[in-house]
Amino acid sequence: MEDQLEYNRQQPPQEDEIDLVEIIRFLWDSRKTILIVFGIFIALGLFVALFSPVEYKTQARILPELRQQRTGTSSLMRQFQSLTGGSIMGEYEALRPDLYPSIVSASPFFHELLSKEIRTTEHDNPITVQEYVEEHMGGSPVLGAARRYTVGLPRTILGGLRSIGSSSQEERAAIVRQHDDIPRLSNEEFRAMQVLRGRIESDMDMNAWIISVSAEFPDPVAAQQIAQHAVDYLENYVIRYQINKAQEDLHFIESRYTEKKEEFHEAQQRLAKHQDATRNIVSAAARTEEQRLQHQYTLAFNLYNDLAQQRENARIRVQ
């Protein structure tokens with residue numbers, strides 16, 4: 001037993017080691033293949049760089065206005081939460097500026113953008129964005145594939161990551177056709193929207209709260225106009241949302257105002273009748289009842305007065 005232990009101690013430990021000499025010898029033996037592959041990629045990159053069209057990128061920056069809600073349902077919720085000791089949520093309007101990039105990246109924007117008219121350096125007459133994409137964004141298949149997997153490899157990888165889970169386009173298209181209220185897209189429109197998705201980007205700097213919208217196209221005039229359409233769409237979307245939100249708040253406040261007005265008049269009538277009935281009666285029960293009716297009247301008046309002020313503010317906001 002002792003001889004066996006002594007033998008094990010004398011044996012050197014065997015570990016997995018990397019033989020650098022073998023790696024260098026393998027690379028040296030494969031030098032011709034490596035040089036050929038390296039030369040092919042260099043030639044392909046030079047071909048794409050020399051013959052691919054120049055891309056022009058237009059970027060617009062938007063500084064959103066942050067406004068606190070002081071009228072409407074959100075104001076009422078903050079008042080009730082402060083009375084009950086709850087946390088105050090939704091200090092700013094429901095459509096937060098950090099949601100703006102999602103508006104520009106949604107399908108309704110691209111579907112509306114297809115019908116917008118633009119001018120290019122090659123066309124004096126305006127054409128639609130869909131026509132521009134179909135006529136000028138097709139390109140050569142070989143050149144497009146070469147560009148996609150060389151200088152455009154990062155964008156190709158990013159587009160692949162974004163399309164994860166979207167392989168069943170035909171199944172979703174079949175489901176869409178079953179609903180008449182959902183816009184139907186033709187194959188040409190769908191392909192054009194896919195092209196626009198890879199060329200229009202929107203992002204937000206969370207530190208400076210600045211929204212950037214960029215468009216990259218081979219034509220500088222088209223890139224500028226498409227970026228402007230994106231900014232206009234975002235602006236109009238926010239305006240429509242604010243108007244609808246203000247109208248909904250006004251409708252809610254007016255309904256509550258009508259209810260509290262009736263409750264105030266009823267409390268006022270009950271207090272007046274009780275005072276007339278107990279004018280010459282000196283009683284503790286009568287005084288207690290009058291105090292109770294007075295408290296109800298005061299509460300109804302405060303709610304009625306507060307809603308009257310909020311109704312006027314909501315009307316001004318709608319205008």
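Conventions and cut-offs
Residues numbered from 1 in each chain as written. Predicted model: local features only at pLDDT ≥ 70, side-chain atom pairs only at ≥ 80, totals over all residues. Heavy atoms only, no water. Buried < 20%, exposed > 50% of the residue type's maximum accessible area, 1.4 Å probe, protein only. Helix = DSSP H or I, 4+ residues; strand = E, 2+ residues; numbered from the N terminus. Pairing = 2+ DSSP bridges. Salt bridge = Lys/Arg side-chain N within 4 Å of Asp/Glu carboxyl O. Axes fitted to C-alpha atoms, helices over the stretch in contact; angles between N-to-C directions. Contact = heavy atoms within 4.5 Å.

Draft legend 1. How the structure looks around the pairing of strand S5 (residues 210-217). Where burial is concerned, most of S5 is hidden: seven out of the eight residues are buried. Of the pairings in the sheet, the one linking strand S4 (residues 200-205) to S5 comprises six bridges and is antiparallel in character. When the bridges of S5 are listed, Asp 205 appears paired with Ile 210. In this structure, the hairpin formed by S4 and S5 is closed by a connection of four residues, where Trp 209 is found at a positive phi of approximately 55 degrees.

Draft legend 2. Region of interest: the pattern of salt bridges. According to the stated counting rule, one finds twelve salt bridges in the structure shown. Of the charged contacts in the structure, one is a salt bridge between Arg 315 and Glu 254, with a shortest N-O distance of 3.7 Å. Placement of Arg 315 in helix H13 (residues 284-318) and of Glu 254 in helix H12 (residues 220-277) is noted, with a sequence separation of 61 residues between them. Using a relative accessible area of 35% as the deciding quantity, one classes Arg 315 as partly exposed. We classify Glu 254 as partly exposed; its relative accessible area is 29%. Among the ionic pairs, Arg 315 bridges to Glu 312, the shortest N-O distance being 3.5 Å. Placement of the pair is Arg 315 and Glu 312 together in helix H13, with a separation of three residues, close to one helical turn. Residue classification places Glu 312 among the partly exposed positions, given a relative accessible area of 37%. A cluster of three or more residues bridged by salt bridges with shared partners is formed by Lys 245, Asp 249 and Arg 317.

Draft legend 3. Broad picture of the sheet that holds S4. In spatial order, the strands read S1-S5-S4; together these three strands make up an open sheet with antiparallel pairing. Sheet topology places strand S1 (56-62) and S4 at the edges, where each strand pairs with a single neighbour. Here the average twist between neighbouring strands, direction ignored, is 20 degrees. Of the strands in this sheet, S1, S4 and S5 are in contact with H12, which crosses S1 at around 25 degrees.

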